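Residue-level listing of the chains:
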Amino acid sequence: MRAHFEEGWQVPRHAAIARQIMLSGLVGPRPLEGWRMAAGLAFVFSRDGQRCWAAGVVADRQGNYVRQVIDAAPVPVSYTAGLLAYAVGPAVQQVLNQIDEPPDVLLCLGHGLAHPRRCGLACHIGLIYDIPTIGCAQRLLIGEHKPVGPDPGAGEPVADNGEVIGAALRTQCGANPIIVSIGHNLDLSSAIAVVLSSVVESRWPEPLRCARQLARQARAGCEDQ
DNA sequence: GCGACAG
DNA sequence: ATCTTGTCGC
């Protein structure tokens, strides 16, 4: 599967878009059987957007962290909506390459299938490493959904032109829903189950919240951003 | 005026 | 940390 990424992340916009369209056909939804280790992957940008800090954490089902990796890399292609993967790709890969034992499922910041070309960051990562991935985003990039009920666990499908591409999921009382979509190698109901079982007291699944915090700390430790 | 299109 | 309002840009 890595064959499709040999050109790396620094490719022209049209090439990245073409690659996303091709990759979207490779995304495999399927039930996730039992899982033990869940990981979170998050990142932050420098103020000028030219550098990216990424962090990955692996946790067992009880929430004990067994691995933490933080790294930084230049941004090869400045972020634009729809091409997040190409901005964070190098930093993210540096992090994931240091995690020897792949987790059973990876929660990624950003979208998976809920993407204009059905190929968000979580899909890229799932395909590269051939692991189940879930996209968790703060807000919609494409599609729409009905209002979500107030209780934690309530959700509504996110649809684009009648196609269900994800779910808006209430994870906490009083917090806006997060947008969950599959990345690769699992189905939407499995993804929702993993997210809900990983939420403790934040709007975000715990590994994701932890990873984002680490990435922000790493950025804060650098004098010039 | 109207929308802000993932981070 | 999140939400909401305001502001900026198109």
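Structure: above.
As a starting point, this report considers the structure included with it. (Residues numbered from 1 in each chain as written. Chains lettered and ligands numbered in written order. Predicted model: local features only at pLDDT ≥ 70, side-chain atom pairs only at ≥ 80, totals over all residues. Heavy atoms only, no water.)

## Here's the deal with helix α5 (residues 206-220)
Phase 1 of the analysis: Taking 1.5 Å as the rise per residue, α5 with 15 residues should run 21 Å; its terminal C-alpha atoms sit 21 Å apart, in good agreement.
Phase 2 of the analysis: Buried residues of α5: Glu206, Pro207, Leu208, Cys210, Ala211, Arg212, Leu214 and Ala215, and no others.
Phase 3 of the analysis: Its buried side turned inward, α5 meets β1 (38-45), β2 (51-59), β3 (65-74), β4 (105-109), β5 (133-137) and α4 (188-198). (Helix = DSSP H or I, 4+ residues; strand = E, 2+ residues; numbered from the N terminus. Expected span 1.5 Å × (residues − 1). Buried < 20%, exposed > 50% of the residue type's maximum accessible area, 1.4 Å probe, protein only. Contact = heavy atoms within 4.5 Å.)

## Some details on the pairing of strand β7 (residues 163-169)
Within a regular strand, side chains alternate between the sheet's two faces.
Phase 1 of the analysis: The element β7 is largely enclosed, with a buried count of five among its seven residues.
Phase 2 of the analysis: Bridge count between strand β6 (residues 155-160) and β7: six bridges; the pairing is antiparallel. The residue of β7 that forms the bridge with Gly155 is Leu169.
Phase 3 of the analysis: Here β7 pairs with strand β8 (residues 178-184) via three bridges, running antiparallel. Paired with Ala167 across the strands is Val180, a residue of β8. (Pairing = 2+ DSSP bridges.)

## Considerations on the protein's contact with DNA strand B
Phase 1 of the analysis: Taken together, 17 residues lie around DNA strand B, and Tyr79, Gly82, His111, Gln138 and Arg139 are the ones closest in.
Phase 2 of the analysis: Here the atoms of DNA strand B within 4 Å of the protein split so that 49% fall in sugar or phosphate, with bases taking the remainder.
Phase 3 of the analysis: Within the contact set of DNA strand B, a base nitrogen lies 3.5 Å away from a backbone nitrogen or oxygen of Leu83.
Phase 4 of the analysis: One nitrogen or oxygen atom from the main chain of Gln138 is found 3.0 Å from a phosphate oxygen belonging to DNA strand B.
Phase 5 of the analysis: Class assignment of the residues belonging to the surface near DNA strand B gives a composition of ten nonpolar, six polar and one charged. (Near = heavy atom within 4 Å. Polar contact = N/O pair within 3.5 Å; in protein donor to acceptor, adjacent residues only side chain to side chain. Nonpolar A, V, L, I, M, F, W, Y, C, P; charged D, E, K, R; others polar.)

## Section: the protein's contact with DNA strand C
Phase 1 of the analysis: As a matter of local geometry, DNA strand C sits amid Gly174, Ala175, Asn176, Ser202, Arg203, Trp204, Gln213 and Arg216.
Phase 2 of the analysis: Put simply, 100% of the atoms of DNA strand C that lie within 4 Å of the protein are in sugar or phosphate.
Phase 3 of the analysis: A distance of 2.7 Å separates a phosphate oxygen of DNA strand C from a polar atom in the side chain of Trp204.
Phase 4 of the analysis: For the surface near DNA strand C, a count of residues per class yields two nonpolar, four polar and two charged.

## Observations regarding the packing of helix α2 (residues 84-96) against helix α3 (residues 121-129)
Phase 1 of the analysis: α3 packs onto α2 with a crossing angle of 40° between their chain directions and a minimal axis gap of 10 Å. Judged on the interaxial angle alone, α3 and α2 are oblique. α3 is crossed by α2, and the crossing has right-handed handedness. The segment α2 lies against α3, with Leu84, Ala85, Tyr86, Val88, Val92, Gln93 and Leu96 engaging Leu121, His124, Ile125, Ile128 and Tyr129. (Axes fitted to C-alpha atoms, helices over the stretch in contact; angles between N-to-C directions. Parallel < 35°, antiparallel > 145°, perpendicular 65-115°, else oblique. Left-handed = near helix turned anticlockwise from the far one by under 90°.)

## Some details on the nonpolar core
Phase 1 of the analysis: Counting residues in each nonpolar core, the largest one holds 67 residues, and the members touching the most others are Phe43, Ile125, Ile134 and Val195.
Phase 2 of the analysis: The greatest single-element share of this core, amounting to nine residues, is contributed by α2.
Phase 3 of the analysis: Listed in part, the seven residues of the second largest apolar core include Ala137, Val148, Val158 and Ala168. (Core = buried A, V, L, I, M, F, W, Y, C linked by side-chain atoms within 4.5 Å.)

## Some details on α3
Phase 1 of the analysis: For α3, the buried fraction is high: nine of the nine residues fall into the buried class.
Phase 2 of the analysis: What α3 keeps buried is the set Leu121, Ala122, Cys123, His124, Ile125, Gly126, Leu127, Ile128 and Tyr129.
Phase 3 of the analysis: Elements in contact with the buried residues of α3: α1 (13-24), β1, α2, β4, β5 and β8.
Phase 4 of the analysis: Where α3 terminates, the next one or two residues include Asp130, which has phi positive at roughly 55°.

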